[in-house]
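# Working through the structure, step by step
Residues per chain are reported as follows:
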Amino acid sequence: MSLPRACVMNILAELRSRFEPVLSEWTDDPSSVIEMLKASQDAKFGDYQANFAMPLAARIPDLKPRDLATQIVEKVDLSDFCEPLEVAGPGFINIRLKQDWLNTQTQNLVRDERLGVIPAESPQKVVVDFSAPNVAKPMHVGHLRSTVIGDANYRVLKFLGHDVVGDNHIGDWGTQFGMIIFGYKHFLNEAAFAEAPVTELARLYRLVNQLSDYHATQTKIPRQQAEIEQLAEKLKTRESSADLTNKKVQKEIKKLKSDLGERKSELQEMQEKQALLEQNEDLHSKAVSFPDIARQAREETARLHAGDADNLALWKQFLPQCLDAIQTVYDRLDIHFDMSLGESYYNPMLADVVSDLKARGLAEESQGAICVFIEGFKSPFMIQKQDGAFTYATTDLATIKYRVEELKADRVLYVVDSRQSEHFQLLFATVKEWGYSNLELQHVSFGSVLGENKRPLKTRAGDNVGLESLLDESIQRAYAIIAENDDVKPEGPELSEDKRQEIAKIIGLGGIKYADLKHNRDSDYMFDWDKMLSYHGDTATYMQYAYARVCGIFRKGQIDRIALRDQQVSLNLVDASERALALQINRYSEILESVAIEARPNYLTNYLFELAKIFSTFFNDCPVLKAETEQVKTSRLLLCDLTARTVEHGLSLLGIKTCERM
Ligand code: ARG
């Protein structure tokens, strides 16, 4: 049951909306400083703290920040839910919620199935463009981030009441099809194809890729060697320099050494890869027979795009098989899309896009290609190549037109890795000039998944790590951990074999997703099995464990959680850790809103981690089942229930499941 709106509140938004009009007395643009009102880092300074008096006073002659803070405090009325405001230090404003109010507010959450989260006042139509693998090759670890980050944003926006369309913009029309078509024509194992088509196609893709990579690397190696020689030469000169004590020279030497080391390990990687291929007689002889394989594969793609009947027929045959294969991964990860319009869908619209942009004077010919030139950018946005082929850019433009005109989108999120950031800057700038200026476009960019060597995660053979095998391994490892834990339980093992397997899936998949989501998405992160599945620290396992622990309390006390919520017992937050827990639970709504604005699921993981820690403190400080009175016991049980619900719900928005025992 949802309660009437007035009973729940996004506290941060409310505080900001009370302060903002008051600030306009000292600035024309209060919105530029209002974000300096935040949850406070330390309970000593209240529940929330506002630091804007400092920058505001700096702009006004003869006004001390502390005096300004005092004047602001006199004008803002928060008496309905806060204690009198306090000015501290040079001009901090400390805000503390009234105890009674927090009690009532928390009480309201007990029976609110939305946990206090208010649906958006003006819902938007939001397209979340995520996952978008180039099919015809198996999904690998590189596809994890877009899929998981996109899904979390999708779920949060939807829960906040937006009209969200999850669109998998599948790469189903690119060069990889030329590669499998070429592979099919020259290297097909018919029996294998009849038996397991997708596996055979994946083998063909890998084979053609390996062969063309072999030739590319063959030309790269001497270049790399030359670079290494140059660097070594430079290093020698520096090292024989007269002033080795000079800081600058030392720094240069250090940098040169590290560059040299990096180049050398790259070279070694290349040479190992080449040697591996050369050891394989069959592969090596194929490489020798097809020295021009990269170009030949490109030509197959060009023939496909030109409508060549044979290639088109092969494409039509392969595509559903490729889609089935990626669907298996989505099913395992519990990822759903509202539509999957691949790049090929937009193919018929591309010519019109180019002529429209030309007609409006936005695109022009440049060295035989058609380009949009945007001020401030070094490279142009190429929408048609010299040979007449349309590009990734043209497809993205057609996609935007479709999303605005057919889907009526207000906002589009592109969950794509940071290497494409220039593409999106050019795309967004072009779109503004094209006339879709009301559309909100956001590149939700992210860094790479690195291996222990701090380089993109690869298998020993230098291939991308397959997503399926990654999931398998995580589940296996989770199983081992669960079994080990269960075997040493004081009252003996609790879990059946089936249960262990079910929990292993939940923990294993949750661990992978959470490890990805918890990082600031802009940065790279290092893949680390041990950290990822640990019962301690910032992991899904820790949160899932907090959830199971609460379930355990209710089991042990034989208390029905649902019935408990209907009891007319009033919550009473006495202990400091009870209050801290209640406050954190009440902040759920403001956190989700911040996730939605910046498309940053790590705000939610941070929040949940904090919540689980605060819960731990509460649990150590405050006996629940053995509380001093029945009334205190019920009040604490309600807090436990709210914590568990918030953890469960928060994790579910991250696409992570929970289990009642583990
Ligand atoms: N298939 C592309 C790739 O793997 C990503 C597509 C992202 N979405 C988009 N509308 N460009 O690089």
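What counts, and at which threshold
Here the residue numbering is sequential within each chain, running from 1 through the sequence in written order. Totals for whole chains, interfaces and linings use all residues, but because this is a predicted model, local features are given only for residues with pLDDT of at least 70 and pairs of side-chain atoms are given and counted only at 80 or more. The way it works is that DSSP assigns letters per residue, a run of H or I at least four long becomes a helix, a run of E at least two long becomes a strand, and they are numbered from the N terminus. For a helix, the expected span equals 1.5 Å multiplied by the residue count minus one. Around each residue's C-beta, the other C-beta atoms within 10 Å are counted; 20 or more make the residue buried, 12 or fewer make it exposed, and counts in between make it partly exposed. All C-beta atoms are placed from the backbone. Here, the arc refers to the directions that run from the helix axis to the C-beta atoms. Two residues qualify as a contact pair if the distance between their C-beta atoms, derived from the backbone, is within 7 Å. At least two DSSP bridges between two strands are required for those strands to pair. Lines are fitted to the C-alpha atoms to define the axes, a helix being fitted only along its stretch in contact, and any angle between axes, read from their N-to-C directions, falls within 0 to 180 degrees. As annotated, the domain borders come from an automatic or database domain assignment. Put simply, a nonpolar core is a cluster of buried Ala, Val, Leu, Ile, Met, Phe, Trp, Tyr and Cys residues tied together by C-beta atoms within 7 Å. UniProt positions are given in the numbering used here, feature names are shortened, and annotations may be inferred rather than shown by experiment.

Here helix α16 (residues 467-487) spans 30 Å end to end across 21 residues, near enough to the 30 Å set by a 1.5 Å rise per residue. Residues of α16 that are buried include every one of L467, S474, I475, A478, I481 and I482, and no others. One side of α16 carries all its buried residues, which in axial view fall inside an arc of 125°. Residues of α16 that are exposed and point over 90 degrees away from its buried face: Q476, A480, E484 and D487. The elements touched by buried residues of α16 are α5 (144-159), α12 (309-333) and α17 (497-517).

Moving on: the sheet that holds strand β11 (residues 440-446). The strand order across the open sheet formed by four strands is β6-β5-β10-β11, and the pairing between neighbours is parallel. Looking at strand neighbours, the two that pair on one side only are β6 (163-167) and β11, the edges of this open sheet. Recorded for the sheet is a direction-independent mean angle of 20° between the axes of neighbouring strands. Judged from the four bridges that link them, strand β5 (residues 125-129) and strand β10 (residues 411-417) form a sheet pairing that is parallel.

Turning our eyes to something else, we now look at the domain arrangement of the chain. The assigned domain composition of the chain is domain 1 (11-97), domain 2 (125-173 + 317-450), domain 3 (176-189 + 202-299) and domain 4 (467-653). Centre-to-centre, using C-alpha coordinates, domain 3 lies 46 Å away from domain 4.

This part is about the nonpolar core. Formed by 140 residues in total, the largest nonpolar core has its most connected members in I93, I180, V208, L592, L604 and V647. Residues in contact with L592, not counting those within four places in the same chain, are V117, V156, L160 and L604. With 18 residues, the next largest nonpolar core counts L357, I370, A398 and I400 among its residues.

Note on placement: V415 falls in strand β10. Filtering out sequence-adjacent residues up to four positions away, V415 remains in contact with V128, D129, F130, S146, I149, G150, N153 and V444.

What follows deals with the UniProt feature "domain: Arginyl tRNA synthetase N-terminal" (unreviewed entry) in the chain. Annotation from UniProt places "domain: Arginyl tRNA synthetase N-terminal" (unreviewed entry) at residues 9-97. For residues 9-97, the helix share is 34%, the strand share is 15%, and the end-to-end C-alpha distance is 13 Å.

Let's shift gears to the pairing of strand β4 (residues 92-95). What you see with β4 is no split at all: F92 and N94 on one side and I93 and I95 on the other are buried throughout. As paired strands, strand β2 (residues 48-50) and β4 are joined by three bridges and run antiparallel to one another. Bridge pairing links Y48 to I95 in β4. Connecting strand β3 (residues 86-88) to the next strand, β4, in antiparallel fashion are three residues, including G89 with a positive phi near 50°.

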